[in-house]
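Structural characterization, general
As a plain string of letters, each chain reads:
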Amino acid sequence: MEKLVSSWYKNKTLPESYIFPPETRPGNLIVPTCKTIPVIDLGNAVGQNRTRIIQQILKASQEYGFFQVINHGIPEDVMDQSMDVFKEFFEMPAEDKAMLYSQDPENSCRLLTSSVNYGREKFHHWRDNLRHPCHLLEDCIKIWPQKPIRYREVVATYSIEAKKLGLRILELVAEGLGLESGHFGGKLSESRLLSANYYPPCPDPSLTMGMSKHCDPQLLTILHQGDVNGLQVFNNGEWIGVEPLHNAFVVNIGNTLQIISNNKLKSVEHRVVTNSNRARTSVGFFIAPSDDSIIEPAKSLVGNAAVYRAFEFKEFLLHFFPNFDNNDLVMERFKSQA
């Protein structure tokens, strides 16, 4: 528990173990806040406008690997209440969180600090993280935090809504790629993980990272990033900021979706920088295949050659997490040996 940044950060200088090498520091903290990462109005994805919205999603997924969605169908009060309860969780006294703290990956509901690689990494991230599965909900909810008192009720409602949104976007993606309806249903989207991040105010944001550059291994990420800047996306050789928009979600393509699309869509590196004034809380909802799902490019998208070989998703995760900051190395391992 004493390792949690939130338990010791106040009135402290930045510990040496949090100071990244110069080449991996944020550099210029003031990066362009990207007005050009597309904002897509899902309220228009009906009738004659459906095709236009699908094309916007595909274009954003090809050019940025990211987009934001508005009019997505999740009530504003559900978004607000969930963000409030996550903030409340991280601000609880240490003794109320102690039983959840674990560095054991076998603990499916756990509170950790920095990253899942804490024991092996050379430099620590300025972040605490709560993660737990959301499928099957009636089973998972029994291992979720018992405090705050309303946590389970609020987060269950949020996870149901986030799942519906993610599956709706995947259905639009499938249609745009010319795949059959429901292609991403069943085992391909069976696993759902919620990951809540807490980045306290940092004494020197120029020296450390909230999260270093990485891609997400899953199919799709639905991110509620609150109202504090910090998320940056690598695009055309530079880091650009993703502006927090009221009542919007950030959506990004995961490695698995890039593979199934045979590189027609792309998973893009992103990172989180800190600031010295405000705590930042964000909530990622990851939609992923079951561990034993076979992942391979969709047959109708292969054309002359499949870029990637077939493999079980658990094999991918086995190689992803030890190398999560070197996405090229991970993806290369699963390419077809033509």
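Note that this is a predicted model, so its numbers are computed, not measured.

Structural notes on helix H5 (residues 151-177)
The periodicity of an α-helix, 3.6 residues per turn, causes residues three or four positions apart to be oriented the same way. The end-to-end C-alpha distance of H5, which contains 27 residues, comes to 38 Å, matching closely the 39 Å that a straight helix rising 1.5 Å per residue would cover. Just beyond H5, the residue with positive phi is Gly178, at close to 80°.

Remarks on the packing of helix H1 (residues 50-63) against H5
Following both chains from N to C, one finds H1 and H5 inclined at 90°, their axes separated by 9 Å at the closest point. Relative to H5, H1 is oriented roughly perpendicular. Taken together, the residues of H5 that come into contact with H1 (itself represented by Arg50, Ile54, Ile57 and Leu58) are Leu172, Val173, Glu175, Gly176 and Leu177. Of the residues belonging to the contact of H1 with H5, the class tally is six nonpolar, one polar and two charged.

Regarding the state of the cysteines
Each disulfide consists of a covalent bond between the sulfur atoms of two cysteine residues. Inspection of the entire model under this criterion finds zero disulfides. The thiol of Cys134 is unpaired, and the distance to the nearest cysteine sulfur, on Cys140, comes to 6.6 Å. Taking relative accessible area as the criterion, Cys134 reaches 7% and is therefore assigned buried.

Things to note about the UniProt feature "domain: Fe2OG dioxygenase" (unreviewed entry) in the protein chain
According to UniProt, the "domain: Fe2OG dioxygenase" (unreviewed entry) feature falls on residues 188-289. Split by type, residues 188-289 is 6% helix and 43% strand. Its first and last C-alpha atoms lie 4 Å apart.

Concerning the packing of helix H2 (residues 76-90) against H5
As a packed pair, H2 and H5 sit with axes 9 Å apart at the nearest point and diverge in direction by 130°. What the angle tells us is that H2 and H5 run oblique. In this structure, the crossing between H2 and H5 has a hand that is left-handed. The residues of H5 that touch H2, namely those facing Val78, Gln81, Ser82, Val85 and Phe86, are Tyr151, Val154, Val155, Thr157, Tyr158 and Glu161. Of the residues that constitute the contact of H2 with H5, the class distribution is seven nonpolar, three polar and one charged.

Some words on the packing of aromatic side chains
Scanning the model with the defined rule gives 17 aromatic pairs in all. Ring geometry for Trp144 against Tyr151: centres 6.3 Å apart, planes inclined by 90°, an arrangement best described as edge-to-face. Residue Trp144 shares its accessibility class with Tyr151, and that shared class is buried. Seen from their ring centres, Phe320 and Phe321 are 5.2 Å apart, and the 85° between their planes marks the pair as edge-to-face.

Some details on the side chain of Arg280
Here Arg280 lies in strand E12 (residues 280-288). It turns out Arg280 is buried and unbridged, and the closest side chain with the opposite charge, Asp227, is 8.0 Å from it. Polar side-chain contacts of Arg280 include one of 3.0 Å to the side chain of Gln225. In contact with Arg280, not counting residues within four places along its chain, are Asn197, Tyr198, Tyr199, Gln225, Val228, Asn229, Gly230, Leu231 and Val272.

What to know about the sheet that holds strand E4 (residues 128-133)
Pairing is mixed across the open sheet formed by eight strands, whose spatial order is E1-E2-E10-E7-E12-E5-E4-E3. Among the strands making up the open sheet, the edge pair consists of strand E1 (39-41) and strand E3 (110-113). Neighbour to neighbour, the strand axes of the sheet diverge by 25° on average, direction disregarded. For strand E2 (residues 66-70) and strand E10 (residues 249-253), the ladder comprises four bridges, and the chain directions are antiparallel. Counterpart to Val69 in the pairing with E10 is Phe249. Running at roughly 160° to E1, H1 makes contact with E1, E2 and E10 of the sheet. Packing of H2 onto the sheet brings it into contact with E3, E4, strand E5 (191-199), strand E7 (220-224), E10 and E12, and relative to E12 it is tilted by some 115°.

Digging into the pairing of strand E9 (residues 238-241)
Pairing analysis gives four bridges linking strand E8 (residues 231-235) to E9, with the strands arranged antiparallel. Counted as the bridge partner of Gln232 is Gly241 from E9. What sits between the antiparallel neighbours E8 and E9 is a turn of two residues, in which Asn236 has the positive phi angle 50°.

Remarks on a negative patch on the surface
A cluster of like negative charges, contributed by Glu76, Asp77, Asp80 and Asp84, occupies part of the molecular surface. Considering the arrangement of structural elements, one finds Asp77 in helix H2. A relative accessible area of 43% means that Asp77 is categorised as partly exposed.

Definitions and cut-offs
Residues numbered from 1 in each chain as written. Predicted model: local features only at pLDDT ≥ 70, side-chain atom pairs only at ≥ 80, totals over all residues. Heavy atoms only, no water. Helix = DSSP H or I, 4+ residues; strand = E, 2+ residues; numbered from the N terminus. Expected span 1.5 Å × (residues − 1). Axes fitted to C-alpha atoms, helices over the stretch in contact; angles between N-to-C directions. Parallel < 35°, antiparallel > 145°, perpendicular 65-115°, else oblique. Contact = heavy atoms within 4.5 Å. Nonpolar A, V, L, I, M, F, W, Y, C, P; charged D, E, K, R; others polar. Disulfide = S-S within 2.5 Å. Buried < 20%, exposed > 50% of the residue type's maximum accessible area, 1.4 Å probe, protein only. UniProt positions renumbered as here; feature names shortened; annotations may be inferred. Left-handed = near helix turned anticlockwise from the far one by under 90°. Phe/Tyr/Trp six-rings, centres within 6.5 Å; stacked < 30°, edge-to-face > 60°. Lys, Arg positive; Asp, Glu negative; His and termini not counted. Salt bridge = Lys/Arg side-chain N within 4 Å of Asp/Glu carboxyl O. Polar contact = N/O pair within 3.5 Å; in protein donor to acceptor, adjacent residues only side chain to side chain. Pairing = 2+ DSSP bridges. Patch = residues over 30% accessible without salt bridge, like charges linked within 9 Å, V, L, I, M, F, W, Y side chains within 5 Å. Areas by Shrake-Rupley, 256 points an atom, 1.4 Å probe, with all protein chains shown as cover. Charge placed at Lys NZ, Arg CZ, Asp CG, Glu CD.

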